[in-house]
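Structural overview for review
Residues per chain are reported as follows:
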Amino acid sequence: RTRAALYDSVVDQWISIPEPNFFRTGYVIDCAAVVLDDGTFLIFDPISSNLAAAFDSKTLTWTKVSTAFKKNPVYECSLALLPDGFVFYTDPDITEIYNPNTFEWYTAGKPTTDLYKPAEMGPSILRPDGTVFVTGKNGNSSIFDS
């Protein structure tokens, strides 16, 4: 079973927080996540293609977020926050851009190299020039122009 915690740097300790209890798995495991411009922590259900959770650090609560227009399920994927506040998403099959204000997804092509085999994706990193560097477990990497 996984546990969720929030680090409080003022008192130098971890505070236990509840997990989102509405994910299809019933718990948080191998989830992609990103911190939005407003500080909201957004985590995607690893099985459902239409569900995410937003964490409010002030109330220590989770809220369901619809991602109903997502093209693919969210399983092995990688995320990065873009300079415009949108979320870059890539998985083995597709690259998409998520608008957290309208909950809309936009198709942005396909990865140009295999970033997945053998069954894991690495992180996405926004670079100073606005491109996104994505790593795969297999040693392959790709650069996307956001």
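Residues numbered from 1 in each chain as written. Predicted model: local features only at pLDDT ≥ 70, side-chain atom pairs only at ≥ 80, totals over all residues. Heavy atoms only, no water.

1. Some thoughts on the packing of aromatic side chains
Given two aromatic rings, one states the distance between the centres and the angle between the planes to describe the pair. This model, assessed by the stated rule, comprises 6 aromatic pairs. Ring geometry for Phe55 versus Trp62: centroids 4.9 Å apart, planes at 50°, classification tilted. Assessed through its relative accessible area of 7%, Phe55 is described here as buried. Seen from their ring centres, Tyr98 and Trp105 are 4.6 Å apart, and the 35° between their planes marks the pair as tilted. Given a relative accessible area of 4%, Trp105 falls into the buried group. (Phe/Tyr/Trp six-rings, centres within 6.5 Å; stacked < 30°, edge-to-face > 60°. Buried < 20%, exposed > 50% of the residue type's maximum accessible area, 1.4 Å probe, protein only.)

2. Focus on the sheet that holds strand β3 (residues 33-35)
Overall, antiparallel pairing links the 4 strands, which are arranged β3-β4-β5-β6 in an open sheet. Of all the strands in the sheet, the pair left with one neighbour each is β3 and β6 (61-66). In this sheet, adjacent strand axes meet at a mean angle of 25° when their direction is disregarded. One ladder, built from 6 bridges, connects strand β5 (residues 51-56) with β6; its direction is antiparallel. Residue pairing across strands places Phe55 opposite Trp62, the latter belonging to β6. (Pairing = 2+ DSSP bridges. Helix = DSSP H or I, 4+ residues; strand = E, 2+ residues; numbered from the N terminus. Axes fitted to C-alpha atoms, helices over the stretch in contact; angles between N-to-C directions.)

3. Here's the deal with the pairing of strand β12 (residues 131-136)
On any regular strand, side chains alternate: one points to one face of the sheet, the next to the other face. Buried residues dominate β12, accounting for 5 of its 6 residues. Taken together, the 4 bridges between strand β11 (residues 121-126) and β12 define a ladder with antiparallel strand orientation. Paired with Met121 across the strands is Gly136, a residue of β12. Across 5 bridges, β12 lies against strand β13 (residues 141-145) in antiparallel orientation. Note on β13: the bridge partner recorded for Thr135 is Ser141. Count of turn residues in the β12/β13 antiparallel hairpin: 4 residues, of which Gly139 carries a positive phi of about 95°.

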